[in-house]
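Report on the structure
Below, each chain spelled out in residue letters.
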Amino acid sequence: MSIFKKYQENLVVDFGMSELKSRMDKKGRNFFLKWVSDTEFKISFNFSVGTNYGFDINDDGKSAIIVYGTLIELTANKTQIDLRTKFKYGLIIILFIPIIMLILELTIDLGIPVPFYFVFPLAFFLVLFLFRSEEKRLIRSFKSAVGIEKNNALQHGV
């Protein structure tokens, strides 16, 4: 059931705050970066399969896959990056559809076969899995673009 949890990751990198910001603002990255304040930002994919038009309900990003980040300066050469996601409450709507169908079936007798009610919960888990995998891919892309992936591998001796 870990797919229901919000993703959170704390990274400590050997870059100062200004160097890290300049790496984040480089051109040629495959994600959209929006600064909320001097130390807070949001990242999203420029394009994400199925979420651009189906779930794009806000202008925080270019897709519904959004990761929120905070920069915390530890020393002149170390910065902590807190990355987190939020649960997509809009996905719960997919679970309400079979309940409405069941109520209509019991009151109006629409003739809907019983196995059809299991399609929507399965679709919910499929979409939830897609969102979670896209969030992880976005975080990997962010780490790669700013050079964090290489830096953390060297810190851990990999």
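What comes next concerns the included structure.

Looking now at the nonpolar core. Of all hydrophobic cores here, the largest spans 23 residues; its most connected members are Met-24, Phe-41, Ile-43, Ile-81, Leu-83 and Phe-142. The greatest single-element share of this core, amounting to six residues, is contributed by helix 4 (residues 119-146). When neighbours within four sequence positions are excluded, Phe-142 is seen to be in contact with Met-24, Phe-31, Phe-41, Ile-43, Ile-81, Leu-83 and Ile-148.

It is possible for side chains bearing opposite charge to pair when their charged atoms get close. One pass over the full model with this rule turns up six salt bridges. With a closest N to O distance of 3.0 Å, Asp-14 and Lys-78 form a salt bridge. Of this pair, Asp-14 sits in the loop between strand 1 (8-13) and helix 1 (17-24) while Lys-78 sits in the loop between strand 4 (66-73) and strand 5 (79-84); the two residues are 64 residues apart in sequence, bridging distant segments of the chain. By relative accessible area, Asp-14 is classed as partly exposed at 35%. On the basis of relative accessible area, Lys-78 is assigned to the partly exposed category, the value being 34%. Glu-19 is paired through a salt bridge with Arg-23; the nearest N and O atoms lie 3.4 Å apart. Of this pair, Glu-19 and Arg-23 are both found in helix 1, four residues apart, which corresponds to roughly one turn of the helix.

Procedures and definitions
Residues numbered from 1 in each chain as written. Predicted model: local features only at pLDDT ≥ 70, side-chain atom pairs only at ≥ 80, totals over all residues. Heavy atoms only, no water. Core = buried A, V, L, I, M, F, W, Y, C linked by side-chain atoms within 4.5 Å. Buried < 20%, exposed > 50% of the residue type's maximum accessible area, 1.4 Å probe, protein only. Helix = DSSP H or I, 4+ residues; strand = E, 2+ residues; numbered from the N terminus. Contact = heavy atoms within 4.5 Å. Salt bridge = Lys/Arg side-chain N within 4 Å of Asp/Glu carboxyl O.

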